Every structure is written in C-alpha cells, then in structure tokens.
Amino acid sequence: MSLFLIAALPFLGAVFPALLIRAGRNASASAAGLTSFLAFVGLLLHAPAVFRGEVIQVGIDWLPALGLNANFFLDGLGFLFAAMILGIGLLVILYARFYLSREDPMGNFYTYLLLFQGAMVGIVLSDNILLLLVFWELTSLSSFLLIGYWKHLPEGRQGARMALAITGSGGLAMIGGMMILGNIVGSYDLSVILQNKDLIQASPLYLPALILILLGCFTKSAQFPFHFWLPHAMAAPTPVSAYLHSATMVKAGIFLMARLWPVLSGTPEWFYIVATTGLVTMLLGAVIALFKDDLKALLAFSTVSHLGLITMLLGFGTKIAAVTAVFHIINHATFKAALFMSAGIVDHEAHTRDIKRLGGLRHLMPVTATIAIVAALSMAGIPPFNGFLSKEMMLEETVHTLWAGSHYLVPGLALLAALFSAAYSFRFIGHVFLGQTRDDYPAKPHDPGFGMWAGPALLVSLVVLIGLFPAHLVGPLVAVAAGAVTGGADLPYYSLKLWHGLTPALYMSGVAVIGGLVLLKLHAPLIAAWNRAPRPEAKQIFDSAMRALTKLSQIITDGLHNGAITRYAFLMMVFIIGISYFAYSTGTMVPATREVQGVGPITVIAWFCLMVATLAVVAKHRQRQLSLVLIGVVGLVVSLGFNYLSAPDLALTQLSVEVVTMVLLLLALNFMPKDSPVEAPMWVRLRDGGIAVVGGLGAALLIYALMLRDFALPSISEFHLANSYKGGGGTNVVNVILVDFRGYDTFGEIIVLGIAALVIYALTEAVLGSRVRAYLLNRKPDMPQAGDAHPMMMVVATRVMMPLALMVAAYIFFRGHNLPGGGFIAGLIAAIALLMQYMASGFSWASERQRMFYHGTIGSGVLIAAATGLGSWFSGNPFLTSAFGYLHWPPLEEFEWATAALFDLGVFLAVVGAVLLALESLARFAWQPGISSEHAMDINPARDDAAEAAAAEGEA
Amino acid sequence: MTMGFLNIEFLVASAVGLLTAAGIYLILRRRTFPVILGLSLLTYGVNIFLFATGRLMVDAPPVLNKYAEVPYTDPLPQALVLTAIVISFGMTAVVVMIALAAYLSARDDKIDMPHHPEDEGEDA
Amino acid sequence: MNHFLIAPVVLPALVAPFIIMVVRYHLDLTRIFSLASTVMLVAISLVLATQAASGEVQVYELGNWSAPFGIVLVLDRLSAMMVLLTSVLALVVNLYVIGSGWDKRGANFHALFQFQLMGIIGAFLTGDAFNLFVFFEVLLIASYGLMIHSGGTRRFQAGVQYVVYNLLGSTLFLFALGTLYAVTGTLNMADLAVRVAEIPPEDTALLRVGAVMLLLVFAIKAAVIPLHFWLPASYANAPLPVAALFAIMTKVGAYAILRMYTLVFGPDLAITEGLAGAWLMPAALVTLMLGAIGILGSYRIGRLVAFGAITSMGTLLTAIALFSPEGVAAALYYTLHSTLAAAFLFLVADLVSERQGIEITAQRLMPQSGLIAVLFFTGAIALAGMPPLSGFLGKLLVLDAARDHDLVWWTWGVILVGSLVTILGMARAGSLLFWKSHSITAETDPTAPQPYEEEANEQEEETEDTSTAALPFVACFALLSGLILLTIFAGPASHYAEATAAQLFQPEIYIKAVLGKVTP
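Here's what I pulled together on the structure shown here. (Residues numbered from 1 in each chain as written. Chains lettered and ligands numbered in written order. Predicted model: local features only at pLDDT ≥ 70, side-chain atom pairs only at ≥ 80, totals over all residues. Heavy atoms only, no water.)

### With respect to the overall build of chain C
Part 1: When helices and strands are counted, chain C shows 21 helices and 2 strands.
Part 2: For a compact globule of 520 residues, the expected C-alpha radius of gyration is about 24 Å, and chain C comes in at 23 Å, within 12% of that figure.
Part 3: Overall size of chain C, expressed as C-alpha extent along the three principal axes, is 75 × 55 × 40 Å.
Part 4: Within the span of chain C, comprising 520 residues, buried residues form 74% of the whole.
Part 5: Counting contacts in chain C only where the partners sit at least 6 residues apart, residues at least 24 apart contribute 80% of the total.
Part 6: Of the accessible surface of chain C, which amounts to about 13,200 Å², a share of 65% is contributed by carbon and sulfur atoms.
Part 7: Taking the average place of the 22 positive charges on the side chains of chain C and the average place of its 33 negative ones, the gap between the two points comes to 3 Å. (Helix = DSSP H or I, 4+ residues; strand = E, 2+ residues; numbered from the N terminus. Rg over C-alpha atoms; globule rule 2.2 N^0.38 Å. Buried < 20%, exposed > 50% of the residue type's maximum accessible area, 1.4 Å probe, protein only. Contact = heavy atoms within 4.5 Å. Areas by Shrake-Rupley, 256 points an atom, 1.4 Å probe, with all protein chains shown as cover. Lys, Arg positive; Asp, Glu negative; His and termini not counted. Charge placed at Lys NZ, Arg CZ, Asp CG, Glu CD.)

Structure representation (structure tokens):
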C-alpha cells in the first residue's frame, strides 16, 4: 500500500465515526477500528522491504516555491513508530468502545482519535521537515480536542489549553529551528538534511537551530521544565491518556530527536543540553510519581521519568546508547499502555483512582490485577520482563558516561531515579492490588468484559515474551530502527538478553530494587514530609501567568483603543507630520524658479477677512450658530478668491455648495445643542493648538514652495487646452475635462452623490424605526419659535423667485460646455430654488406639490450618466467616449449638441435628488403631529370665498 | 497699484495654512459639531491647496478665446477641485446626518465613544 | 477594444440604480437582481483573470483619450487577482446576508452593496492616481452606509468616528495628489513612473513629501499602526456580515501600496529611497503583535475578529515591506488566504452573536452549537495560521521570504510569538463559548440574553423558511472550502503569485502597455 494511503487513511476514515454514530456505537467504533487496521496492514506489507534495510520513498510537489513537498519515506525508525501508533491505536479503539459511557459522544471521540492518529503517522513518515511541522502542529490541535473531550469538566478545558499553550509554543519555536536548518542545508527534505552533518554542525546557526528544535521536542515529550502539562492532560478519558500520553504523542519529541540524531548529535552542546535535561527529568519524574495518590498522576509522572530516560540515552550521543533508547521505546510503550488501561479499568469499575481508597483488588479483579502487576514489575525493572533488559542496558551506559569530568554523577543520579521508579512501581502494585480487601470502595469492583481487558492483556503478553526472547522477537526491529537512528547499518556489538553476567548494571539494579522496597516501607512518613515541604505548584504558576497575560492584553487593548477618536486623530496627525517631515528632511531642494506676483489692496482686504473669519470660527466654535455664520463668510471669501484667480467655475460651485451646506447644517443644528461645553483641559487645548499650528505651517510651506517652482516636466493640461475644442467640442476647458477627458471621475462623483442620498435615506429609516421616533414626536423645541412659521412675505417671494431660479439653473446648465457652469452648479441652484419653497411654505405643503421621487431622480441620474457612457459602445468606442456636433436651425444661430450634455444631465439629477432627499429626512425628523396644516400658508383667495359661500348657505 | 511687501502666493499659502490649522484644531474637539466644522475648514484648505498646484494666474480663465492668443491658467487642477468639492459635499451631508442620528439615539453628541472596561476576564 | 475591463465597474453601477428605482419595494426581486449581478461579476472577473494570466497587460482608454491625458483602466495579473477575490467574497457574503435576513433590517442594503463592489473593483482597475482617489471615495461612502446599516446607538457613534477618520485620510490623499501633480505635472500612474524617474536628483524633497503622504493614505486603509485606530470599533460595531465584506477593504490599501511602490516609487529608485523601508516594516511588526494581543484581550466576538483582521494585515504588510519578489509573492498568497479567513471568521462570529449575543462568555448552549463550534475552530486555525489550512503555508512563505532581510530575527520572532498569542486568544474564546457553555444549564445561566420562549420563537422564525435558514452555513462552508482549495493547490496559487510579483518588478511592461513607450 502506498505510503500516501497509509498516511491519508486515518484522515479519510475520520469522517465515518462521526457519521456512523447515528447507526450506533458499534458501527462508529468498528469504522474507526477498520480504518486503523487497514493502515496497519498496509504498513506491515512494507515490513519485508524495511527489514531488508530498504527505504521506501514517495513524493509529490506541494508548494515548490517554498520547498515544501509532500514527500514520505519509510525506514526502520519510521516503521517502528508507525507500527506502535497504528497497533496500539487499534487496541485503544477497542478499549475505548467499552470504556466510554452512553452519555459521551463517541462519534466525535473516534473522529478526533483518528485525526490524531493520522497526524502522528504523518510525523513519523514525513521526508520533509516542513511537512513534518504541519503534522506536528496537527497533533497539538487534535490532542487539544481530545484532552478537552469532556467539555463540562474545568480540568479538561484547562488541561487542554495548557497542553496547547506549551506544545503549541514549542511547535512554533521548532518552526524557527526547522527554517534555519533548511536554510543551512538549502533543502527542507530530510533525506538531504541527513546527509549534511558536517555542514550543519559547522554552521554558526547550529546552536540556535538546535535549541529551537529541542524546545519543540522537550515541550512535546514533557521534559523538564516543560513536564508539568502532561499530568494535567490526564483529565482526558483514559484511552486518550493511554494512547497520547504514554505510547505516541509524547514520543513525538523523542522520535524527532532520534530522527535528527545523525546530524545534530555528537557535539558537546547536544550532550549537555539533551543528556542533562533527560537525566533531571528522569529523576524528578520518578520522585514526584512516588508521592502521587492519583493512579493516573502516578503513571503520568512515571511516563515523564521514562521519557527523560530515553532522552538522556539519546543525549549520550553514542550508538550503543541509541540502540538502548530504541529498545526502551518499545518496552515502555508496551508496559505503560497496559498500565494506563488497567488503571482505567480500576477507575471504571471502582469509580475512583485514589490509591488511598484502593487496595486488595487482586481478589476482586484477578485478571486486571495480573495484567497490572506484570506490567508494573516490568516498569520497576524486574526480570524477566522487558523493562529489566532496557534498564540494565541504560545503567550500563551511564557507567561509561563522563559528565563535566565526573564519573559518578550520571550513574549515581540514574541509580537514584531507578530506585524511585522501582519504589513507585511497587507502590502501584502494593497499595492497589495487594493488601486486604476493603469494604468502602465507591463501587463494587469486578473484572470488566473481555473487550476491555483484551488490549492490555495482549500488551502484557508482549512484555513477557520480549523479556524472555528479546533477540528473536524484537532483535531485527531494534536493529533496523537503531540503524536508521544512527544513520548506518554498522551498529556496535550488543546483545539483547537477560543475563549479561555480573556487570555493574546488575549490582545497580539490585540496589534499586532493594532501595525501592525500603522506600515503600517508609512511604507513610515520607509522603507526610513531602506534603509538608513547600514546592512550586506548576499549575498555579501557569494559570496565574496566563491570567496575567490575558489581563495585560486586555489592559493594553482597551487602553489603546478606548474609543477616544480625539486621541486617535491626534496620534494620526503627529505621525503624518513626523513622517512627512522625515521625507522632506532627507531630500534636497532647488531655489525658486518662479516670480511672485503682486496684489492690490482689495485682495489683501479680502484675504484679511478670510483670516479673521477663520480665527473667529475657532474662537467662537462653542456658539454653534455664530460659528456657522462665520464659516459661511469663509466660504464666501474662498469663492471670491477662486473667481479672482481665474476659476469662475470653482467660484460658482463653491458658492452654491456653500449655500446648500449651510442650510443643511442649520437644519441639523435645529435638533442639536446650540453650544459646546468646555471639556478639554487647558493643556490638551494647547497640545491640540500646537499640533494644529505645526500642521498648518507644514501645509502652507509646502504649497508656497510648490507655487514658486515650475513643473519639472510640462503638465498634461497643455494637451487639454489644445484639444478641448476640436476633441471635446467645448471652449470651457474645465467643463470639457470634467465631462470628457476625465468624465470617468465625474461618473464616480455622480455615484458618490447617489450613494450619499441612499445612505441618508437608509439612516433616516433606521432612526425613525427605533425608539428615537417617540422622542422626536414629543421633543419640545429648545429655542423660541417664530410666531408665524411661514411668513407671508417669504412665501410670496419664493413663489415668485421659483421660476426665475429654475430658468437660471437651465441657463447655467446649457452654457456649461462653453462657459462657466454645468450640471452640478445647475443642480445645486435648482435644489436651492426648491429648498426655498420648503423653508417658506413648510415641507408637507411643498412635497404635496411636487411629483418627484428622490430615489427615482437619483437613480435616473446615475442611469443616464451610465447609459451615455455605454452609448459609445455602439460606435465601437470605449466607455464614455463623447460625441458632439453642430445643428443649424435657420432662424436660430448655430446650436451645438454634445453627448456630454446628457452626461451633465446625470450630474444635475443626482445633485437635486441628493440634496432634496437629505432635506426630506431632516423634515421627517422634524415632523410632529399638527405642524402641517392642510394647506399651510397657501394663498388662495378662492378657498376663502368657498368657505364663505358655505357659511352663507348654512345661514340661508 | 500693488502692495510690494505682499504677494499673491503668500496670501494663498497663508490662507491654506490657517484653514488647515483651524481645521485640525477643531477636529480634535470632543463634540461632533465642531469636528464637522473642522472638516469643512480642512476641505477649504485642501481645495485651495489643490487649486494652487496649477500655479496662480489672474484674469486668465481657462475658457478658450477663438479670436485672440491669450494666456490660460491650468484647467486641470480646477477640474480636480470641482470633483473634490462635489465629493466632499456628499461626504459632509452624510457625516452631518450620521452625527445627527448618533446624537438623537444617544441623546449626546460627544464624539468619543463611551468605553466600558471589561467585567473581570472570565476564566475558561 | 476589450470592454470586459469596464464591465465589472459598469454592471453594479447599472444594477444598483435599477434596484432603487424599480424593485426597491420587492425584497425578493432586489435579492435576485443583487445576487445575479454578483454572480455575473464572478464570471466576468474569471474571464479577466484568464486574460491576465497570459502576462499581457491590457489597457482600456476611457473616453477614447489616450494616457496620460485621459483616464485608463489597466488589467495586469495583480488587479485581475484582486478583482476575482473581491467578487468571490462578495458572492459569499451576499448569500449569507440573504440567508440571515440582515438585508431586510434596513433600507437600500443591496444598492449600497453593489455600489460598494463598484468602488472596490474600480480602485483595483484604475491606472490613474486621481481616479484612484475618486473610487476610494466611492467605496468609502458606500461602506459608511453599509457600516451603519440597520442603525443602533453604538453603531451610529462608531459610524461617526469611522467617517471622520476616513475623511481625514481623504483630505491627506488630496494633499498628496496635489503635491505629486505640482511636481510632475501628471496624474496617470505609468506617466508618473516615467516622470519621477526623470526628476533631477537635486530636487527631491517635495516629491518625497508627496510620495510619503500617499503611502500614509494607503497605510490608513491598510490599518498600519498607528493609523489603524479606525478599524476595531467600526468593524466590531458594523453588521458582522458587512465586516466580512470589509475584509477586502484593508486589502485595497495594501494593493495601493504595492502598486505605487513597485510601479512609481520602485524599491531601487534613488529619489524615494528609504521612504517606505524606514518605518513600514517596524510598523507592520507592531501591527501584527498588537493585533494578536487584541485577540487575547477581546471580550466581544466582533472585536476579537476585528483584531484578527489587524494581525493578519500586520503579517501581510510585513511581507510587502520586504519589497522583494519573494516577499511580494508571499504577500499575494497571504492576501488570498487572509481575506477569506477573516471573512469566514466574521461570518461565524455573526452566527454566534445572532444566537447568544456579542459577549465572549459562557452561556446557555446555543442552537447548532456543535456545527458552529467546528466552524469557529477551523476559522481560528485559519486565522492563527495553524496547519493544515493555508494560513500556515502563507506564514511559512513570509518567514522564508524574510530570510535575507536585516530584521529577519525580529520578523521571525514577532510572527511566531504573534501566532502563539493568537492561538491562546482563540483557544480562550472558543473554550468559553463552546465548551464552558456545556457546564451551564438554563437554570444556572447567569446572563440569559432573552427568556426561553422568545428564543423559541426566534428558532421558529429561523426555521420557518428552511431554504434560507441553511444559506448562512452554505456561505461559511463555501469560504472554508475556498481555504481548503487554497491549501491543496498551494503550488499553482503560489506560482501565480510569483508570476504576479515578477510582473510587478518589471514596471516597464506596465508602462509600455499604458504609454506605448518604455522608461528611459
């Protein structure tokens, strides 16, 4: 079976349990089981080749740009791990089927489990370190789901997040390390990297890469000081603990160290970092395990300790130590998984995992007891079980190891660790299964069904068999795996057998066993002392750290984004000004090339008005109506200025925009407070004033400098001047640019107006649809109202002016193409004319009398403009190509037409619609019952006569 | 008659500067209304700025004269400013209405949003 | 003359007014037309993408005036890619909005939606600097409308801030354009490129000011710290599906930076040397970190995703700030990813907040909790850049591209630590929302948003029309599958990105296409 398929099967199969759970728990479980069984068989098919020493490789390019390829390869090491993952996986799936209760969503469980399995298989088969990283992080994620499987338990949630935090951060560190490694070698393919030992170890980046990668491995394999997450991960269901936290995931780090052993090991850095960490972890884990009363906690720490042992062996850097490591990996997987499962059984049947409440179970659950005792003895390193063999070899190695020149340190500590591990193993046996049967178990313990103990039983039989016939049973496997680790078939001599003669290791084992028994006798006083002794509680530290981190982030986030746009804007100004000044100061300037032009007194006076009015706006901005008037003055002077500086179009536009804007603002102000209180403290106002002055100065200097210099190259507007008439059919170049050369801008401009209207309408709807409506209906005007809302004079005046204004609008519209004017200005003037009607006679009166629908107006404006643009398609020209010509009607003089005029019509309509729609919404805000009489101020004598006539009839 | 010590470029530049400064100052106020005033002033400022990038000329409107060779001022910036004016008109209308809506809904025209700090970060 | 170039701008510009004039009062018709138009946009942009893939740069001369005197649209690989991304995103969001009924909670939604698309696409296609401004305004004013859609006090207040902040940006844009015009005398981008190259080296100060102001304008859009302050409040208070559409708007800023600073102010141009590099990279890194911190520090789900958008912009700009072909290629791939991912998470956030409110706290189990939890989990993975989704690949690409940069260690450190903080934040939120809720029953629920019956009624409402009840999930899964495709076909995608980057670093192709002449 292709390696692709083997790696993919668990992922593909992960779908089914979740789906099949509807068909029952067995269907779900068997789907999961079948999947991993298929993968397992597929793997075994490769066994012959692997044992022949071949390496199976497959690969396809995934992300060649990065060198991330979906390459897989299978060698001894990969085979060993894949076999463990899939094999033990099968047993766990079987076990879990009976372990999980009816309430637990089993479908999800198996789905997560298979996802995890796939990720693990991916790790051990990857031939590309980036691909390996992908699977690596996947194991973190899937184990997050598995640990938090019992969502309602806080321990589960917190344990899951702790595991994710630790292994996740390790994984990220490892990304860095792997990238460095890849950059040193120039390839991310393992098979390439493994060929470049010298290159890597010579590189100055060797140490950083090593440290970062080891961070990943240590966190994953729960090495000191990252060991603390593992015990808390035990909140997971026991099958998970048995699978992830004894046999597979925690071994991923070990696997990676073994995988990279050929290129990373053999240096003092490697030895001192890895071996020391392993040694410390081994000892620490063993000691703590002895004092844990929770079965799973005891096993968890013993796992930590054994992982430390393997790490230390790999750290030694000698080939024989590597062989021992591989051998112990196998042994540990077998007995530890069995132990977890039997602990789970005890928990499941006795409803407690607390050692203090257990004991004497061997009478009540003989099968489980046998299984557990054998496995525990193997863990303690008692012959003839497999644990003994690898521990012997380990001790043997420590004897030959120098640490900082000391012969005794490593073996001494190793012996101590072995001693403690013997002790806790004995305690596991003694305090749970031996001793008197008690009558206060939370539940009546008894052996579970075959399905549940089949798995551990199988594993334990392996424990025994490997112990008795190591060479025949696992000899070849160890050979190929170790060969893969050490990167060569030339392994040193070693023999896997029980009796090596009277070696120092044997004596040490003896000491360990006896010492272990002694410790068990002294357990009661010891644990009392232990509990009295103060020691750092990893979880509290971690939790408080996390809480602090979260709190800190909240403080930073809320502190920075506190909703004060005044501060946001201030920062923005400072930043913009600063960066702009930086850009200026790092450039150079040439002296001015243009002459300044003199001015007459009138101009200066106008300028003076502008300055004063502007300052007055600032000074009086708290009195809102006054400041509006002042700003009106500013706008007026600006438009005069435009006119003076030969921009009549601008002047007209500015003027009309000014009027409409003022009206809008005034009407809006009608609803708002009429003055702003003093809020900002003086220093803030000074600060703002400061930045304002700097900004203004910058703008002034910039434009002054620009005005005194010519274009570096002739402006494109020369072309516009030259072609406006022949190409655009208009003499008012500005207008021709607007509707022709840059008609597309104007098109966008129309759209903007249209959108503005839509926004305003939608907003009004939203406001009036909310509770605000009630407030508006009942609000009392905060200012004295005019006695006569619609003074006669004004009414009459506006009625008279209406047609005039509309004519002016039409005139300005049509002359636009050749003289200052155009659709926009015309639109504004028309809008103003209508505005006057509204103001004079009241909104309801006016709206009754105009059959115009604003949405329609705006829409047609946009559509006409767009249609005009599209029209040119039919003459095979691009969008917005204008056409024009001259008509000659005899009595009239020459008359010009231009499609651009249609375009201008679009502008006109959009403007009118937008302004009136805005006005309408303001009027709707203002509407209150009773303010609109049937015919407000409509001067119509006829009606009065009618009334009188009616009255007269009444009399008659 | 001209006033020698002053020149049109200076007048325009100083006007741009003052309008911009006033605009910035008002934008940093704490109520929506002054901020809108500030935006309008800023718009004047930037419009004049944009206009002036065509360099200044007196009595040379960019309207073609069929009968005589006369100087024309740069029409392009004028066109740009027209577009800018129209757009900013639309923008002003919208911001006024949104500000009004915000005021009517909150019965308060502070522009800074009320910020309520987190009730103790819950632990998962 | 290939009218396909203008089609994606004109189509929505015709559909929107049609909607408001003709079918304004018929919700179903409105939806049909809006949806149809969006589908056609996708089709058109597919055509454009295939045309651009050939590597040829197409030019559309509006009003038949040749550049630089008229306005031209330019289609190259970059703009084609962005247009396609926009229309695809728009289609999904449109589906979601229709399914969730957001569009009937206020007036004129679909018209504004179409105008919004027109603005965004127009900005991507235009080859004229001032026209870029115009379309920025179009997309902005439409976004104002969408942001305050359906009203509400906080939404209006946030709306005011959003508008004001962006109006400041627009003003700065005009200052920048004025300066550039006053110096170079042109507005067409290609022509700018030619002329900027000819500027005498002793007269650079004013041009540099203009160039950097332009960069700052785009930095505001791209939410670069300290110009990002507009984003969290407005995205968090906007209707979340709208925020999902806005995921593309920050990209407009990134696009503009990319365009201007490869075409006009190229990285190896002496005159504008050091303008971007000096501060953009550090700012981008801070953005990344602050966004991640914001994710961990958020207690409202909309805000959380908003900061997610910020942190992904940080990553994206980090890649851009490298100003190397590798960096740009990575940035482009990451753009595709982060847009889909952010939008995806915004939609999921809406699913959550529609059911149990905006606070990230453990509450009574919401309906469809399991499915939504899965979606949130995948979305979080995507945004945090964890495997197996495309975010991880994008992140690796960025890391790899930064290899030779001076700040390589800073870059790697910040990106990796940022990812960690993001993961922690996401894990916290997810476990509060979806796990802890299991330990809360109706009785013990401290913060019941609404009494039972009400919710029951809501359920009926939601389920009464089954055809649309499923739509939101369809939309979410569409985005998810987009991410998955982006992962599986990372090879081809990154290849297109590389080709695009290569095209960007040969501005002469662009210039020749537009002006018909090559830079001296």
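### Observations regarding the interface of chain C and chain A
Put simply, an interface is often sized by how much accessible area is lost when its parts join up.
Part 1: Tallying the contact residues gives 124 residues for chain C and 113 residues for chain A.
Part 2: Roughly 10,500 Å² is buried in total at the junction of chain C and chain A, and carbon and sulfur atoms are behind 78% of that figure.
Part 3: Counting across the interface, chain C meets chain A through 2 salt bridges.
Part 4: Where Asp558 of chain A meets Arg303 of chain C, a salt bridge forms, and the shortest distance between an N and an O atom there is 3.4 Å.
Part 5: Linking chain C to chain A there are 28 residue pairs in polar contact (both at pLDDT 80 or more).
Part 6: Considering only residue class, the side of chain C that touches chain A consists of 80 nonpolar, 28 polar and 16 charged. (Buried area = accessible area lost by both parts, 1.4 Å probe. Salt bridge = Lys/Arg side-chain N within 4 Å of Asp/Glu carboxyl O. Polar contact = N/O pair within 3.5 Å; in protein donor to acceptor, adjacent residues only side chain to side chain. Nonpolar A, V, L, I, M, F, W, Y, C, P; charged D, E, K, R; others polar.)

### Structural notes on the pairing of strand S2 (residues 68–74) of chain A
Residue and element names in this part refer to chain A.
Part 1: With 7 of 7 residues buried, S2 is to be regarded as a mostly interior element.
Part 2: Where burial is concerned, the two faces of S2 agree: the one with Leu68, Ala70, Phe72 and Leu74 and the one with Asn69, Asn71 and Phe73 are both buried.
Part 3: Of the pairings in the sheet, the one linking strand S1 (residues 56–63) to S2 comprises 7 bridges and is antiparallel in character. Within the sheet, the bridge partner assigned to Leu63 lies in S2 and is Leu68.
Part 4: Connecting the antiparallel pair S1 and S2 is a turn made up of 4 residues, with Gly67 showing a positive phi of about 85°. (Pairing = 2+ DSSP bridges.)

### Some points on the packing of aromatic side chains
Residues and elements named next belong to chain A.
Part 1: Following the criterion strictly, the structure yields 52 aromatic pairs over all chains and no others.
Part 2: Ring centres 6.3 Å apart and planes at 25° place the aromatic pair Phe11 and Phe135 in the stacked group. Residue Phe11 is located in helix H1 (residues 3–13), and its partner Phe135 is located in helix H7 (residues 129–147); the two are separated by 124 residues in the primary sequence.
Part 3: A relative accessible area of 25% places Phe11 in the partly exposed class. (Phe/Tyr/Trp six-rings, centres within 6.5 Å; stacked < 30°, edge-to-face > 60°.)

Any functional reading would require information beyond the geometric quantities listed.
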